[in-house]
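Here is how the chains run, residue by residue.
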Amino acid sequence: MESSSAAANGVHSSTGPADSLAAVLKPSDAPSAEAVTVKGVDFDERRDLDGLLESFLTSGFQATNVGLAIEEIRRMLEGREQQQQQHESEEASEREESGDDTDDAGDGGRGHCTIWLAFTSNMISSGLREVFVFLAKHRLIDVIVTSAGGVEEDFIKCMAPTFIGDFTWRGRELRDKGWNRIGNLVVPNDNYCRFEEWLQPILDAMLDEQRTHGTIWTPSKMIDRLGKEIGHEESLYYWCHKNHIPVYCPGLTDGSLGDNLYFHSYRSPGLLLDVIGDIRATNDRAIKCRRSGMIILGGGLSKHHTCNANLMRNGADYAVYINTAQEYDGCDSGARPDEAVSWGKIKSEAKPVKVHGDATVLFPLIVAATFAKHPHANKTAADKGEDAESSREHNHHHNVPLHAVTGC
Ligand SMILES: NC(=O)c1ccc[n+]([C@@H]2O[C@H](COP(=O)([O-])OP(=O)(O)OC[C@H]3O[C@@H](n4cnc5c(N)ncnc54)[C@H](O)[C@@H]3O)[C@@H](O)[C@H]2O)c1
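Calculation criteria
- Residues numbered from 1 in each chain as written.
- Predicted model: local features only at pLDDT ≥ 70, side-chain atom pairs only at ≥ 80, totals over all residues.
- UniProt positions renumbered as here; feature names shortened; annotations may be inferred.
- Near = placed C-beta within 6 Å.
- Helix = DSSP H or I, 4+ residues; strand = E, 2+ residues; numbered from the N terminus.
- Nonpolar A, V, L, I, M, F, W, Y, C, P; charged D, E, K, R; others polar.
- Pairing = 2+ DSSP bridges.
- Contact = placed C-beta atoms within 7 Å.
- Axes fitted to C-alpha atoms, helices over the stretch in contact; angles between N-to-C directions.

Going by the annotation in an unreviewed UniProt entry, the name recorded for the chain is deoxyhypusine synthase, with Vitrella brassicaformis given as the source organism. Its UniProt record gives the chain the following Cofactor (unreviewed entry) comment, quoted word for word: "NAD(+)". Per UniProt, the chain carries the Pathway (unreviewed entry) text "Protein modification; eIF5A hypusination."

Below is the structure:
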């Protein structure tokens, strides 16, 4: 028999406190038929990279977001192969007729879905550069947007290497050695001296062309010119030049390129860069593409510039963000895709994905499961119809470390 005080507290002597029981054992609705069971990789079954990546979707947390990002990029790539072949031949004949050596078709000309790749400067300093080279070399992306360091560090790496260092190395000691630190990477200052020696004569030539031929230089035209001049297969912008992939960088002066332009303005004043020409080219490209997919690594200028261009077409059809930034402070870097939907930068019906984390780990994994599997990535130069002359050009430049560079 229950005591009177126990009964008053809702205690049932044989089953425990009734309210607690009700709270703990609350019945649940049945999951929907589409509900996915959480399941991670089984290393007894699969030990290969594909097996691991396939398990991510059902693993939960950021692993699931990586899986969703892989699915979103596969949607961007759908139909690209057939379209690529068709448009490459159309483009080639159009350019031949017009004598134009740039690709202004608006949709990148190549794919059913134009793929925008945006990244921050530090990523070119990291090993992500080689991943980007792979994408540009195989024409798997159509437009690049980056910040100034993301341009110059690519060229500088052709002149001298960047080294693995340590996050904890002390600034004062590094300064004494003339070693500049980017996270746990180190770039000797001599590398920038070499860059300056290489770049200044090119700036002289650009100024000369501006004066004698009326050339109007935009940041993207300058990057294309530098990609041509570097002539080095390890360079991202060499491949962008060769494959007519435009590179937009509205903040081109915020880095070593800006230092060089500053010094050049004293040595030989007069060189102009037209940012309005580029904003028109960037936005026109967004407007003209049939479908648009954005892959945005990191935040800042590159992220916003890409999203803003896609506002011009009332939103991108696909979007993948990978970044470490959070939204609680209202910054654009940390804004989730849904914020971009509110601005019309991503379409309401899109299924955008944000993966939280370091792109140096996440993006190569995502590329391994998507772009690296694309048939176009596995074609040889001969399959793609590259002529003997361009192959000779590659061989000539490969392993030729810039004869103009003499060191600091
Ligand atoms: N860091 C460099 O290597 C370097 C070199 C020269 C010039 N700069 C200049 O500094 C300015 C600021 O650089 P920025 O706009 O390129 O970006 P940033 O360095 O300001 O980064 C913006 C955001 O991107 C995210 N992010 C950066 N690295 C990431 C990573 N590995 N993985 C995931 N998310 C990451 C972070 O959330 C970060 O807050 C630019 O104008 C640039 O030209 C930078």
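## Quick notes on the site of the ligand
Near the ligand, the surroundings consist of 23 residues, among which Thr 120, Gly 149, Gly 298, Gly 300 and Ala 325 are the closest. Elements with a minimum of two residues in the shell around the ligand: helix H6 (121-125), helix H8 (148-159), helix H15 (300-311), strand S10 (318-323) and helix H17 (359-369). Looking at which element gives the most residues to the shell around the ligand, the answer is H6, with three residues. For the shell around the ligand, a count of residues per class yields six nonpolar, 15 polar and two charged.

## Describing the sheet that holds strand S11 (residues 353-356)
Pairing between the strands of a sheet comes from backbone hydrogen bonds, and it takes one of two forms, parallel or antiparallel. The strand order across the open sheet formed by six strands is S8-S4-S3-S9-S10-S11, and the pairing between neighbours is parallel. Every other strand in the sheet has two partners, leaving strand S8 (247-248) and S11 as the edge strands with one partner each. Both strand S9 (residues 291-297) and S10 contribute to a ladder of five bridges, which runs parallel. Residue pairing for S10: Leu 297 is matched across the bridge by Ile 322. Across the face of the sheet, helix H4 (residues 61-77) comes into contact with strand S3 (113-119), S9, S10 and S11 while running at roughly 140° to S11.

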